[in-house]
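# Examining the three-dimensional arrangement
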Amino acid sequence: MIMFPTGLLSLALWLTLTGSTLAVVQSESPPVKYPLKVGVVGSPPFSSYTNQTFKGISVELWQELAANTNLKYQFIAQPGVKTGINRVTSGELDVLIGPISITAARFKRVTFTQPYFKAQIGLLVSGESPSVWNRIKPLFQVAVISSVGGLFVILFIVGNLIWIAESRRNEEQFPKSYFRGVGNGIWFALVTLTTVGYGDKAPVTKTGKAVTSIWMLITMVAASSLTAGIATVMTLLLSQDHTEQFTQLQDLQGKQIAVVTGTTGAEWAKNYQARLLESPNLEGAIERLKSGKAKGVMFDVPALKYYLYQHPDAAFRIANLSISLEDYGFVLPLNSQLVREINLALIQLKESGRVEEIIEREIQGVSQE
Ligand code: SER
C-alpha cells in the first residue's frame, strides 16, 4: 500500500475537490430563458416557411413535443444548416430544428437529440430519355469506323489475291479485267467471310484453293468474334445504362454538381471530387440543373422525392447511386439543460407511433427511403 505524508494527502484531496468543483462549473450552461428561440432550417417535407407560417414534419414534431413538455418557444427562420448551427453555438438560438443530419464533425460542436428519421443522400439528374441519335452515336465512333474500314481493306486484299490466283485459269468466274475480276474476288471473300457460301464462285487453281483455305480458317474465328462484337454493341445500345452518366460514385469526379451550401450533400460531393456549384437553397440548386449548368443536384433524397412529387412534369429522376444514409436530429448547445427533457418527449412520441403518423401524413404517399 502506498503511504502519503499527511500534507501531501490534504493537497491531493484539495486538488481533487477543486478539480471537481471546476468541472461542475464548466459543465453548467447558462440558465434557459423562455420563450425558447427555436431556429427552423431545411426544405419540405421537413420544414418550410411561407406566409409567416412554419410547416413540415420537423415543425409539427417540435410543436407536439413542446406541447407535451409545456415548453414556450418562438420560431425563427434560418438561412441554412451551417448558419443555424453557428447560431446555436454562439447562444443566439436555444434549439435548431429541421432535417439536420447527425455527423461527427457537428457533434463536436453541438448536442443532437435522438434521431427521428433516416434519410439517404442522393443525386437528382436529368431524366430525359436519350434521343435516337444519342443511342446510335457510338456506332460512329473512331473505333467502330476503323474496324469496319479495316474489314474492307482485308476483303480488298483477299479479293485481289483470289483474282491473281484464278483469273488465268478461271476467267469465267474471275474475269481478267481488273475491276470485274477483283469485284468478283471481293464478293467471293465476303460470301466466305459471312459463311453464306452461295457457291456461285469457287476457286479451281491450287493457289486459289490455298488462299481460300487460309481465308476460311481466318474467317471461322473472325465471324464468331464479329457476331459476339455486334451482339455486345447492340445490347449496350439498347440498354438504359449506356447513356446513364452516373452509375458509380467515381463518375462524380470532375462533374459540375449543384449543392446547397453547408449541407452534408455538399460535403459528399466534395468527397467524391465533384466540381461544386453552391446555392443557398434547394430551389437554387435545382435551377442550376434546369439550366444545364450542373449535371446533378446532391441533396437529401426525401426532399428530392418531394420535389419530384410536387413537380410531376419535371424531367428529372434520382440516379441509382448509394451515397450515404444519415440520421436526422434536432440541435441543442453543448451541455444543454434541455436535452434530457426533449429526448424523453421525442422517444415517447416515437414509441406512441406519433412520429410515424406525422411523417406519413406530411409525405402523403411519397415513398420514404
Ligand atoms: N440533411 C442535410 C444536412 O444536415 C440538409 O438537409 O446537411
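Residues numbered from 1 in each chain as written. Predicted model: local features only at pLDDT ≥ 70, side-chain atom pairs only at ≥ 80, totals over all residues. Heavy atoms only, no water.

## Examining the packing of aromatic side chains
- Counted by the stated rule, this structure contains 18 aromatic pairs.
- Here Phe46 and Tyr328 contribute two aromatic rings whose centre-to-centre distance is 5.0 Å and whose plane-to-plane angle is 90 degrees, an arrangement assigned as edge-to-face. Here Phe46 is found in the loop between strand E1 (36–40) and strand E2 (48–50), whereas its partner Tyr328 is found in strand E12 (residues 324–328), with 282 residues between them in sequence.
- Ring geometry for Tyr116 versus Phe330: centroids 4.9 Å apart, planes at 45 degrees, classification tilted. With Tyr116 in the loop between strand E6 (110–112) and strand E7 (117–126) and Phe330 in the loop between E12 and strand E13 (331–333), this pair connects stretches of sequence that are 214 residues apart. Neither residue differs from the other here; Tyr116 and Phe330 are each classed as buried.
- The rings of Phe46, Tyr49, Phe54, Trp62, Tyr73, Phe75, Tyr116, Phe117, Tyr328 and Phe330 are connected pair by pair, giving a single aromatic cluster. (Phe/Tyr/Trp six-rings, centres within 6.5 Å; stacked < 30°, edge-to-face > 60°. Helix = DSSP H or I, 4+ residues; strand = E, 2+ residues; numbered from the N terminus. Buried < 20%, exposed > 50% of the residue type's maximum accessible area, 1.4 Å probe, protein only.)

## Details of the nonpolar core
- Judged by nonpolar contacts, the single largest core of 31 residues is most densely connected at Leu61, Trp62, Phe75, Ile97 and Tyr116.
- Every element with two or more residues in this core is listed here: E1, helix H2 (57–69), strand E5 (95–97), E7, helix H12 (339–351) and helix H13 (354–363).
- The biggest single contributor to this core is H2, with 6 residues.
- If near-sequence neighbours (up to four positions away) are discounted, Leu61 is found in contact with Tyr116, Phe330, Leu346, Leu349, Val355 and Ile358. (Core = buried A, V, L, I, M, F, W, Y, C linked by side-chain atoms within 4.5 Å. Contact = heavy atoms within 4.5 Å.)

## Thoughts on the site of the ligand
- Neighbouring the ligand are Pro99, Ile100, Ser101, Arg106, Thr263, Thr264, Phe299, Asp300 and Tyr328.
- Within the backbone of Pro99, one N or O atom sits 2.8 Å away from a nitrogen atom of the ligand.
- Within the side chain of Asp300, a nitrogen or oxygen atom sits 2.6 Å from a nitrogen atom of the ligand.
- Coverage of the ligand by the protein amounts to 98% of the 230 Å² it exposes when considered alone.
- If you map the ligand onto the pockets, it falls in the largest pocket.
- Here the shell around the ligand is composed, by residue class, of 4 nonpolar, 3 polar and 2 charged. (Near = heavy atom within 4 Å. Polar contact = N/O pair within 3.5 Å; in protein donor to acceptor, adjacent residues only side chain to side chain. Areas by Shrake-Rupley, 256 points an atom, 1.4 Å probe, with all protein chains shown as cover. 1 Å grid on protein atoms, 1.4 Å probe; cavity = no way out; pocket = protein on both sides within 12 Å on 5 of 7 lines; lining within 4 Å. Sits in = over half its atoms within 2 Å of the grid points. Nonpolar A, V, L, I, M, F, W, Y, C, P; charged D, E, K, R; others polar.)

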